[in-house]
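So you can see what is in the structure, the chains are spelled out below.
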Amino acid sequence: MKVVTFGEILLRLVTEDNKRFIQANKFNASFGGGEANVAVSLANFGMQVDYVTRIPNNDIGDSCIKSLRRYGIGTQNIARGGNRLGIYFLETGAVNRGSKVVYDRDNSSFASLASGMIDWEEILKDADWFHWSGLSAAISQGANDVLTEGVKEAFKRGITISCDINLRENLWNYGKTPNEVLPELLEMCDILVGNEYDAEHAMGIEIDDSIRGKFSKESFVQASQLMMNKYPKAKKIITGRRLSHNASDNTLSSLMYNGKELIESRPFEITHIVDRVGGGDAFMGGLVYALINYPNEDRYCLDFATAASSLKHTIPGDVNMSTLEEVKTLVASKAVL
């Protein structure tokens, strides 16, 4: 099975030792981005995966590609061009102080994508699964146009398509709203990761007060039924749940509605969070892996994805460096991280 992911990768600059931005006189540099992080997880689990993006044709772009290759990710379809790689600055929180992120991604190589820059017909000719997120649609009209071309090509070829809606409303700055853009793409998807809020604000679904703001098992089922009514190609709706005791101690779980029943993962408690950035991408990578390899075991798929996310919280950086055996062991155990 071959998976293709598409999205923007950024230069990540993080303060040392939980320092605040105002205290920092140097930053640790690495690379990360939602769909790239998913690709790393899949490659670590032994899957064949290609990552598609656009990065500048300079030394920073070269360094980015080399960082991806070290994980075994296919980079041959990365487009080169544009002015710069996007950046995000991270101040890591602790205990009762949350983390902070500052983005610097205007006019990035990915944001300046335009129709025809990516040869989707060639890239997807031997793919079995295509993954994207709402982040790619949010960056610019050009990026959304290229994403649309990719989703349509995957749909035409009968490739399984997954989407993590990953709604970041502050990124939608080019004159379109999520509800204007995403429904056309979601109609072609098989697996949707989103929640009650996403249904109303990104999926063009009218919801009432029995759902709005509730985030209960019942509200998720109601919202999922509305999603499947609007997007009948969707086979499974999934969402993660996070109970935040403080910035260092969280409990993770997840829910799935498969059109027939609600399935719930077991909870995973993390008592000493090292870095929660990328936890959702680790969940998505684990979910794609599990759905491919355990297609008839929905509960196990949820437990696997949530365990993968839990392990990522113990690892600095954007990407989940956990092995397949480590995730399987955690699923089988009752350990608290």
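Everything that follows concerns the structure shown earlier in this document.
None of these values were measured; they are calculated from a predicted model.

> Any chance you could explain the packing of aromatic side chains here in plain terms?
Two numbers describe a pair of aromatic rings. These are the distance of the centres and the angle of the planes. Per the stated rule, a full pass over the model turns up 11 aromatic pairs. Ring centres 5.4 Å apart and planes at 80 degrees place the aromatic pair Trp 120 and Phe 130 in the edge-to-face group. On the criterion of sequence distance, the pair formed by Trp 120 in helix H3 (residues 120-123) and Phe 130 in strand E9 (residues 129-133) is long-range, its members being 10 residues apart. Each member of the pair Trp 120 and Phe 130 is classed as buried. On the basis of an interplanar angle of 40 degrees and a centroid distance of 6.2 Å, the ring pair of Tyr 300 and Phe 304 is categorised as tilted. With Tyr 300 and Phe 304 both in helix H10 (residues 298-312) and four residues apart, this pair spans about one turn of that helix. Given the relative accessible area of 23%, Tyr 300 is considered partly exposed. Chaining the aromatic ring pairs together yields one cluster made of Phe 45, Tyr 289, Tyr 294, Tyr 300 and Phe 304.

> I'm lost on helix H11 (residues 324-332) in this one. Help?
Among the residues making up H11, those that are buried are Leu 324, Val 327, Leu 330 and Val 331. Along the long axis of H11, the arc covered by the buried residues comes to 135 degrees, so they all point the same way. Exposed residues pointing more than 90 degrees away from the buried face of H11 are listed as Glu 325, Thr 329 and Ala 332. Looking at the buried residues of H11, the elements they touch are strand E15 (268-270), helix H9 (279-293) and H10.

> Explain the side chain of Thr 251 here, please?
Tracing the chain through its elements places Thr 251 in strand E13 (residues 249-257). The exposure class assigned to Thr 251 is buried, which follows from its relative accessible area of 16%. At a separation of 3.0 Å, a polar atom in the side chain of Thr 251 contacts the side chain of His 245. With residues up to four places along the chain from it excluded, the contact list for Thr 251 reads Arg 241, Arg 242, Leu 243, His 245, Pro 267, Phe 268 and Glu 269.

> It is not clear to me how the pairing of strand E10 (residues 160-164) should be interpreted in this structure. Could you clarify?
Two faces belong to every sheet, and in a regular strand the side chains alternate between them. For E10, the tally of buried residues reaches four of five residues, placing the bulk of the element in the interior. For E9 and E10, the ladder comprises five bridges, and the chain directions are parallel. Within E10, the position partnered with His 131 by the bridge is Ser 162. Bridging between E10 and strand E11 (residues 191-193) involves three bridges; their strand directions are parallel. Residue pairing across strands places Asp 164 opposite Val 193, the latter belonging to E11. For the segment spanning E10, helix H6 (residues 178-186) and E11, crossover handedness is right-handed.

> Is there a simple way to think about the pattern of salt bridges in this case?
Between side chains of opposite charge, a pair can form as their charged atoms come close. In this structure the tally under the stated criterion is 22 salt bridges. The network of salt bridges with common partners includes Lys 2, Asp 50 and Asp 126.

> Would you explain the side chain of Glu 196 in this entry?
Structurally, Glu 196 can be placed in helix H7 (residues 196-201). A relative accessible area of 1% places Glu 196 in the buried class. A polar contact of 2.6 Å, which involves the side chain of Glu 196, links it to the side chain of Ser 219. When residues no more than four places from it in sequence are discounted, the contact partners of Glu 196 are Ile 207, Ile 211, Phe 215, Ser 216, Ser 219, Phe 220, Ala 223 and Arg 241.

Parameters at a glance
- Within any chain, residue numbers begin from 1 and follow the written order of that chain's sequence.
- Whole-chain, interface and lining totals are the exception, using all residues; otherwise, since this is a predicted model, local features are given only for residues with pLDDT of at least 70 and side-chain atom pairs are given and counted only at 80 or more.
- Just so you know, side-chain values use all the structure's heavy atoms and leave hydrogens and water out.
- Whether two aromatic rings pair depends on their centres lying within 6.5 Å, for rings of Phe, Tyr and Trp, where Trp uses its six-membered ring; planes under 30 degrees apart make the pair stacked, over 60 edge-to-face, and the rest tilted.
- Starting at the N terminus, helices and strands are each numbered in turn, a helix being any DSSP run of H or I of at least four residues and a strand any DSSP run of E of at least two.
- Burial classes: relative accessible area under 20% of the type maximum marks a residue as buried, over 50% as exposed, and values in between as partly exposed (1.4 Å probe, protein chains only).
- To obtain the arc, one takes the directions from the helix axis to the C-beta atoms.
- In this description, contact between two residues means that some pair of their heavy atoms is separated by no more than 4.5 Å.
- Two N or O atoms count as a polar contact when they lie within 3.5 Å, although within protein this holds only if one can serve as hydrogen donor and the other as acceptor, and sequence-adjacent residues are included solely when both atoms are side-chain atoms.
- Any two strands with at least two DSSP-identified bridges between them are counted as paired.
- Crossover handedness is defined here as right-handed if the route from the first strand over the helix to the second strand goes clockwise, with the strands pointing away from the viewer.
- Salt bridges are identified by distance alone: a Lys or Arg side-chain nitrogen within 4 Å of an Asp or Glu carboxyl oxygen.

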